[in-house]
Amino acid sequence: MSTNVSKDVSKERPVTDKRDEGDRDESQRRQKEMIGDHFQKLARAKEEGKKVVYTFVPGNLTELLGALDLLPVLPEINALQSGMRGRSGKYIAEAEKAGHSEDVCTYVKCDLGMIKSGNIGPTGQKLPPPDLLLLSYTGCFTFLKWFELLREEYQCPVVMLHVPYQPDGEITDEMRAYVVDQLKNEVIPALEKLAGKKLDLDELSRRMQLSAKAEEDLVWVWESARHKPSPIDGYFGGVYYTGPIFSSFRGTDDAVDYYKLLRGEIEQRIARGEGPTTPDGPMGKEKYRLVVEGPPNWTNFFDFWRMFSREGAVVVASSYTRVGGLYDLGFRHDPQKPIESLADYCLGCYTNLGLPSRLGLLEKYVREYQADGFLINSVKSCNSFSVGQLLMLRELEKRTGVPGGFIESDLVDPRYFGKANIENRVQSYLQMLEARMNRRAS
Amino acid sequence: MIESHDPFNAILQKARALVDDRKLEAVKAWKAAHPGALAIGHMPVWSPRALVEGMGALPVSYFGGGDQVDVIKGDAYFQSYICHIPRSTIEQALAGDLDALDGMMFPAICDVIRNLGGMWKMLFPEKLSFYLDLPQNFDPAIGGKFFALELKRLVRELEKRGAPKFDRDRMRAAIADENERRAALVELDELRRKEPHRMRASEAYIAVRAGGMMTAKEHTAMLRALLDAAKSRPARKFDNVRVVLVGSFCEQPPVDLVVTLERSGCDIIDDDLQLGMRMIEGPIDLDAAEDPVDCIALAYLRKGAASASRYIADLVKGRPLVEKVRQSGAEGVVFAAASFCDPALLDQPMLEAALTKEGIPFTTMKFAENTGQFQVIREQAGAFSDSVKLWGAA
Ligand code: SF4
Ligand code: SF4
């Protein structure tokens, strides 16, 4: 699961996001540049002798890779980019033609189809093959299979970091010790071997200090949604805001600058009493405040967003933007204890939490962000997210008294985005909310 | 239909009754005979049954409601694109069919079982819901250490629920019992390979699965009696194709599906239907460590069978399957995975590639535990066995 979105979609699709037409915030321009630079580096990696490590978003070890001068590639992000660029359908078909089941996670198939089609990344450049697959195995069993499949494709080594699950919402000493043991004895030595140098712990700590700074600002951004009107959309907009920190930029000056810039912009929006920017420009009057559980759909991302923004519905908090770390519960990368802190980070990602903890978090969001309703977007691809969501829906309604809505789609398989059907559902849900809010007001 | 006029069928009939015991009457009877003792269910694939027995409790393997439970409520808890076993599990649990269980273990095999553990916790807070994290690191000093602690956490949970205090000797005795069962299973599997007409896959399946409802000692006695009966049983040889069945390690196909494959000309001489019973390939070495719980942990690390939910580490993908085919003299492979089963279905293309490289023919199909129509499967399996017989390849 991942959330980084490059905005370079204009070549493959008609422009659907007005902000692509020059109406971008400075922070968005900055993010686009950062992503562009990263893909440039990847394109030059082989000629410059840089080593490339493929890894996953939840439980990523970006600071560690950075400290060893290794370049990360995140196949989940490639898949979502392919979805946004309208290519995922073709890639998935390619993978299914090659014998992959229609039943399984489409991120995997999208990635495999992309490899078969030349492994062209989101900026149109060919992605370098991995020198190593870092299997940060947290929050999703499919990761294991995904990298086994990639290992067959690339014939390159895999390093496993098994992150235990938190069934009871608690990180025990045993869990932490297990992850730390693996980091110290297996992951770091393998990365050092690849990098051809020893890990400089001071450099790792320095990067973690930068991470913590950026994390502080990100939490501020998330929590700005407590204002009324909310100056941000914490789901559709939120995936942009989490992009740098969930991917290749945590632990860099770039990420610190980006979040400072973003925070400044949002401070100004709050001062002006403005709501979030949307694909149609600034949002009109805030009518509904929602909490959303589940990943978004990428193939029709802007259509999906507009179904909400045009109705004055703003998402004040979402679980998807926590898949790469639950910073708002207090976690920060700790430069004093870098390895232990990496372990805690991996253990603490949203999909690594038991259902009762996930439910507790959503309940907290509904209450603290004063949501009028909550919505679950259940994606076919992702058992990690989806199994149990119907029970969560009932329980959350019971606990908060706030009505829930349920829609189904997929991440990157366009066959599972029934636009008319989803639009109908969203609209009836919002109408129901409105009637309820009117009743309460009178 | 199993007839009981010979000893083999009589034993099998009893086993079948246990497999079909949806309301866990046998577990209730065991608890009545052992007042105060716990019965702990476990979802597929593997759980440390010996440890549970060593804590004075009855481990009960649970494989969903199969084709005998009408799922009504359970469907309201799961989207259409999720496999069937969690539906019938919730259906049965809500209906009170699983009330004899004091708790359930959810081993770390996939996100469905994992999240089902969380659902169980929310729906049945009074019962134990134990998520068993299986190690994916196989270094005894790292994954082994973690796993041993995980097993000791289970010991503590059972104690908290009223199990007698941990006792080393009792635990060692339970492991020894488990090893006896394992030895009997090795014999059973050998018989199936050598003389499949004496022990058909569907029969072996019932005999092995029934063991999930009893102690290892009782199961061993049953298996031994069945093996004796099988050897003297009048049995007719078939001109069938020898195949290995792969992909049904969790949600189980209806027994009739296995029978359909047999009737279509396949001798299933090996399968992963009851992988949990055979997960530790060989005895648990009681000399491996002082603490018997550590011995279980080490056995899982060192002797754990290749499966879709186990990290491959430095092994070659598909090699264990190819070796199994070669060593058992199989002529082909039937992939039968539960619909929407991510581990099996993501694994399958890699296994197919390994078989293709070796020129081993295979065919693929999907099922649900409540599949009721077998015509297509019969035709497909028939065509497969014919083609293997005729040309040695599908
Ligand atoms: S199953 Fe879900 S978390 Fe796992 S790779 Fe697929 S989309 Fe991501
Ligand atoms: S059938 Fe497959 S996906 Fe379903 S619970 Fe079992 S292993 Fe998981």
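Residues numbered from 1 in each chain as written. Chains lettered and ligands numbered in written order. Predicted model: local features only at pLDDT ≥ 70, side-chain atom pairs only at ≥ 80, totals over all residues. Heavy atoms only, no water.

Participant: How should I be thinking about the overall build of chain A in this particular structure?
Facilitator: Tallying secondary structure elements over chain A gives 16 helices and ten strands in all. A compact globule built from 442 residues should have a C-alpha radius of gyration of about 22 Å, and chain A, at 21 Å, falls within 12% of that. Counting only C-alpha atoms and orienting by the principal axes, one finds that chain A spans roughly 70 × 45 × 40 Å. Sequence-distant contacts in chain A: of pairs separated by 6 or more residues, those separated by 24 or more amount to 79%. Looking at chain A as shown, the accessible area adds up to about 14800 Å², and 46% of this sits on carbon and sulfur atoms. (Helix = DSSP H or I, 4+ residues; strand = E, 2+ residues; numbered from the N terminus. Rg over C-alpha atoms; globule rule 2.2 N^0.38 Å. Contact = heavy atoms within 4.5 Å. Areas by Shrake-Rupley, 256 points an atom, 1.4 Å probe, with all protein chains shown as cover.)

Participant: Explain the domain arrangement of chain A here, please?
Facilitator: You'll often see interface size given as the accessible area lost when the parts meet. Residue and element names in this part refer to chain A. Taken as a whole, chain A is organised into domain 1 (22-203) and domain 2 (210-441). For domain 1 versus domain 2, the separation of C-alpha centres amounts to 23 Å. Domain 1 puts 55 residues into the contact, and the matching count from domain 2 is 52 residues. Buried surface at the junction of domain 1 and domain 2, both sides included, amounts to about 4300 Å², of which 60% is carbon and sulfur. Summed over the shared surface of domain 1 and domain 2, the number is five salt bridges. Its salt-bridge partner being glutamate 96, residue arginine 415 comes within 2.8 Å of it at the nearest N-O pair. Contributions of two or more residues to the side of domain 1 that touches domain 2 are made by helix H1 (26-44), helix H2 (62-67), helix H3 (75-84), helix H4 (88-97), helix H5 (106-116) and helix H7 (173-195). Looking at the side of domain 1 that touches domain 2, its residues break down into 30 nonpolar, 14 polar and eleven charged. (Domains from an automatic or database assignment. Buried area = accessible area lost by both parts, 1.4 Å probe. Salt bridge = Lys/Arg side-chain N within 4 Å of Asp/Glu carboxyl O. Nonpolar A, V, L, I, M, F, W, Y, C, P; charged D, E, K, R; others polar.)

Participant: Mind showing me how you'd approach the layout of surface pockets here?
Facilitator: Residues and elements named next belong to chain B. What the largest pocket holds in volume is close to 1300 Å³. Surrounding the largest pocket, 48 residues form its lining, Glu281, Ala305, Ala306, Pro320 and Lys324 being those nearest its centre. Listed by contribution, the elements that provide at least two residues to the lining of the largest pocket are helix H7 (168-194), strand E5 (241-246), strand E6 (266-271), helix H11 (275-278), helix H12 (292-303), helix H13 (319-328) and helix H14 (342-358). Broken down by element, the lining of the largest pocket gets its largest block of residues, seven residues, from H13. In terms of residue class, the lining of the largest pocket is built from 23 nonpolar, seven polar and 18 charged. (1 Å grid on protein atoms, 1.4 Å probe; cavity = no way out; pocket = protein on both sides within 12 Å on 5 of 7 lines; lining within 4 Å. Points joined across faces, edges and corners; volume = space filled by probe spheres on them.)

Participant: Before we go on, may I ask you to explain the nonpolar core in this structure?
Facilitator: Generally speaking, soluble globular proteins have nonpolar side chains that are buried together. Residues Tyr107, Leu135 and Trp298 of chain A together with Leu51 of chain B are the most contacted members of the largest nonpolar core, which totals 278 residues. Both of domain 1 (22-203) and domain 2 (210-441) of chain A provide at least three residues apiece to this core. Setting aside anything within four residues of it in sequence, one finds leucine 51 of chain B in contact with Leu151, Leu154, Val155, Leu158, Met171, Val293 and Ile296 of chain B. Membership of the second largest hydrophobic core comes to 13 residues, among which are Val322, Ala330, Leu351 and Ile360 of chain B. (Core = buried A, V, L, I, M, F, W, Y, C linked by side-chain atoms within 4.5 Å. Buried < 20%, exposed > 50% of the residue type's maximum accessible area, 1.4 Å probe, protein only.)

Participant: When you look at the interface of chain B and chain A in this model, what are you seeing that I'm missing?
Facilitator: Each side of the interface is counted separately: chain B has 53 residues, and chain A has 55 residues. Interface area for chain B against chain A, summed over the two sides, is near 4600 Å², with a carbon-plus-sulfur share of 61%. Our count for the chain B to chain A interface comes out at five salt bridges. Its salt-bridge partner being lysine 145 of chain A, residue aspartate 347 of chain B comes within 2.6 Å of it at the nearest N-O pair.

Participant: I'm lost on the site of ligand 2 in this one. Help?
Facilitator: Residues and elements named next belong to chain B. Neighbouring residues of ligand 2: Cys83, Ile85, Ile109, Cys110, Val112, Ile113, Cys250, Glu251, Phe340, Cys341, Asp342 and Pro343. With respect to the pocket detection grid, ligand 2 is positioned in the second largest cavity. In terms of residue class, the shell around ligand 2 is built from ten nonpolar, no polar and two charged. (Near = heavy atom within 4 Å. Sits in = over half its atoms within 2 Å of the grid points.)

Participant: Help me out: how do you make sense of helix H10 (residues 253-272) of chain A in this one?
Facilitator: Side chains three or four residues apart in an α-helix point the same way, a direct result of the helix having 3.6 residues per turn. Residue and element names in this part refer to chain A. Helix length check: H10 (20 residues) gives 29 Å between terminal C-alpha atoms against 28 Å at 1.5 Å per residue, within 8%. All of the buried residues along H10 are Ala255, Val256, Tyr258, Tyr259, Leu262, Glu265, Ile266 and Arg269. Considering only its buried residues, H10 is in contact with H1, helix H8 (201-223), helix H9 (238-246) and strand E5 (277-278). Following H10 by one or two positions, glycine 273 adopts a phi angle in the positive range, close to 70°. (Expected span 1.5 Å × (residues − 1).)

Participant: Where do I start with the packing of H8 of chain A against H9 of chain A in this structure?
Facilitator: How two helices sit against one another is set out by the angle between their axes and by the gap between those axes. All names here are of chain A. At their nearest, the axes of H8 and H9 sit 11 Å apart, and the two run at 165° to each other. In terms of orientation, H8 lies roughly antiparallel with respect to H9. Where H8 crosses over H9, the handedness of that crossing is left-handed. Two secondary-structure elements touch here, H8 through Ala214, Glu215, Leu218, Val221 and Trp222 and H9 through Tyr241, Thr242 and Ile245. Residue classes in the contact of H8 with H9 are distributed as six nonpolar, one polar and one charged. (Axes fitted to C-alpha atoms, helices over the stretch in contact; angles between N-to-C directions. Parallel < 35°, antiparallel > 145°, perpendicular 65-115°, else oblique. Left-handed = near helix turned anticlockwise from the far one by under 90°.)

Participant: How should I be thinking about empty space enclosed by the protein in this particular structure?
Facilitator: It is a probe the size of a water molecule, rolled over the atoms, that shows where empty space is left. Applying the stated criterion across every chain, the model contains eleven cavities of 30 Å³ or more. Quantified by volume, the largest cavity comes out at close to 240 Å³. The wall of the largest cavity is formed by 20 residues, among which Trp46, Ser47, Glu178, Gly276 and Met277 of chain B lie closest to the centre. Those elements that place two or more of their residues in the lining of the largest cavity are helix H3 (49-54), H7 and H11 of chain B. For the lining of the largest cavity, the leading source of residues is H7 of chain B, giving three residues. Of the residues contributing to the lining of the largest cavity, the split by class is ten nonpolar, seven polar and three charged. What the second largest cavity holds in volume is close to 200 Å³. Lining the second largest cavity are 23 residues, with Ile109, Cys110, Cys341, Asp342 and Pro343 of chain B positioned closest to its centre. When contributions to the lining of the second largest cavity are tallied by element, the ones reaching two or more residues are helix H6 (142-154) of chain A together with helix H5 (111-123) and H14 of chain B. Residue classes in the lining of the second largest cavity are distributed as 16 nonpolar, three polar and four charged.

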